[in-house]
Amino acid sequence: MKSYSGGCLCGAVRYRITSDPGPSRVCWCKDCQHISSNGTVNAVFPSASIEVTGTPAGYDKTADSGNTVTRRFCATCGSQLFSDSTGRPGLTVVRVGTLDDPSAIRPTANIWAASAPGWACLDAGLDRFEGAPAPPAPRRGSRDEDRRRAQCGDGAAGHHRGTAPRLRFVPGGRQDLRDRSARQ
Ligand SMILES: [Zn+2]
Ligand SMILES: [Zn+2]
């Protein structure tokens, strides 16, 4: 199993991931352009595999799909670190540029390419999706799970409306992203 470390620009928020990465894609949705002035490069990990030191701020926004997307960023330096969606409970998007070694994860596709700016340089060697990435072929009994896992970018147009993991952070403390809502 692989492990990764990363953090924000000022170092107030650090994280460590112990998991193999899920899908990694470049997202060109308009929301990503607002937060990065470009496409965002993202990788999906199980939320429970991410340990966070420090307390990111969060901003909730309803996506076109109706899902609530929570973007987490450092309140001091503004670095965007994570994104959660009610459409993919238990999974967290990590901004690849915040890894200590961003080369460790290579994106395989551009998604929401239709809303990329005219000057954007999209690698023709990667898969291209004009909007949300196509879900993998459904397997019997696991259709919803496959659909959730297929969603990488913030703009992913998932139809599943679940309950996002409730994340808790303790200032300066070592905290993971496990769903603790059962204890509250
Ligand atoms: Zn910071
Ligand atoms: Zn996006």
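As the structure is a computational prediction, the values presented were derived from the model and not from experiment.

1. Concerning the overall build of the protein
Reasoning step 1: Each helix and strand counted, the protein has 2 helices and 12 strands in total.
Reasoning step 2: For the protein, buried positions account for 39% of its 184 residues.
Reasoning step 3: In the protein, the proportion of contacts linking residues at least 24 apart, taken out of those at least 6 apart, comes to 59%.

2. Details of the sheet that holds strand β6 (residues 57-62)
Reasoning step 1: Strand order across the open sheet formed by 8 strands is β6-β7-β8-β9-β4-β3-β10-β11, with mixed pairing between neighbours. Looking at the sheet topology across the chains shown, the edges are occupied by β6 and β11 (127-128).
Reasoning step 2: In this structure, strand β3 (residues 24-27) lies alongside strand β10 (residues 109-111), joined through 3 bridges in parallel fashion. Of the residues in β10, the one forming a bridge with C27 is I111.

3. A closer look at the nonpolar core
Reasoning step 1: Core analysis: the biggest nonpolar cluster contains 30 residues, and C27, W28, V94 and I111 have the highest contact counts within it.
Reasoning step 2: Of all the secondary structure elements, the ones that give two or more residues to this core are β2 (14-18), β3, β4 (40-46), β5 (50-53), β8 (80-85), β9 (91-95) and β10.

4. Describing unusual backbone geometry
Reasoning step 1: Positive phi outside glycine occurs at S37, with the angle close to 60 degrees.
Reasoning step 2: Tracing the backbone shows S37 in the loop between α1 (30-36) and β4.
Reasoning step 3: Although it is not a glycine, W112 sits at a positive phi angle of roughly 55 degrees.
Reasoning step 4: Tracing the chain through its elements places W112 in the loop between β10 and β11.

5. Side note on the environment of I17
Reasoning step 1: Mapped onto the elements of the fold, I17 is located in strand β2.
Reasoning step 2: Using a count of 22 C-beta atoms within 10 Å as the deciding quantity, one classes I17 as buried.
Reasoning step 3: It is 8.1 Å that separates the C-alpha atoms of I17 and F45, two residues lying 28 residues apart in sequence.
Reasoning step 4: Apart from the residues within four sequence positions on either side, I17 is in contact with S3, Y4, F45, S49, I50 and V94.

6. Let's talk about the confidence of the model for the protein
Reasoning step 1: For the protein, mean pLDDT is 83; residues scoring 70 or higher make up 73% of the total.
Reasoning step 2: Note that pLDDT drops below 50 for residues 142-153; the model gives that stretch 38 contacts with residues more than four away or on any other chain.

7. A closer look at the pairing of β2
Reasoning step 1: Of the two faces of β2, the one lined by Y15 and I17 is fully buried and the one lined by R14, R16 and T18 carries no buried residue.
Reasoning step 2: Alignment of strand β1 (residues 3-7) against β2, held across 5 bridges, turns out to be antiparallel. Each bridged residue has a counterpart across the sheet, and for Y4 the counterpart in β2 is I17.
Reasoning step 3: Counted along the chain from β1 to the antiparallel partner β2, the turn is 6 residues long, and its residue G11 has a positive phi close to 90 degrees.
Reasoning step 4: Looking at chain direction, β2 and β5 are connected through 4 bridges and run antiparallel.

8. Things to note about the environment of R14
Reasoning step 1: If you trace the backbone, R14 turns up in strand β2.
Reasoning step 2: Residue R14 is classed as partly exposed on the basis of its 17 C-beta neighbours within 10 Å.
Reasoning step 3: With 85 residues separating them in the primary sequence, R14 and L99 have C-alpha atoms 9.7 Å apart.
Reasoning step 4: Each residue touching R14, except ones within four places of it in the same chain, is listed here: G7, T53 and G54.

9. Here we look at the environment of A132
Reasoning step 1: Tracing the sequence through the fold places A132 in the loop between β11 and α2 (143-150).
Reasoning step 2: C-beta crowding within 10 Å serves as the criterion here: with 20 such atoms nearby, A132 is assigned to the buried category.
Reasoning step 3: Here the alpha-carbon distance between A132 and C29, two residues 103 residues apart in the chain, equals 9.3 Å.

Parameters at a glance
- Residues numbered from 1 in each chain as written.
- Chains lettered and ligands numbered in written order.
- Predicted model: local features only at pLDDT ≥ 70, side-chain atom pairs only at ≥ 80, totals over all residues.
- Helix = DSSP H or I, 4+ residues; strand = E, 2+ residues; numbered from the N terminus.
- Buried ≥ 20, exposed ≤ 12 C-beta atoms within 10 Å, placed from the backbone.
- Contact = placed C-beta atoms within 7 Å.
- Pairing = 2+ DSSP bridges.
- Core = buried A, V, L, I, M, F, W, Y, C linked by C-beta atoms within 7 Å.
- pLDDT = per-residue confidence, 0-100.

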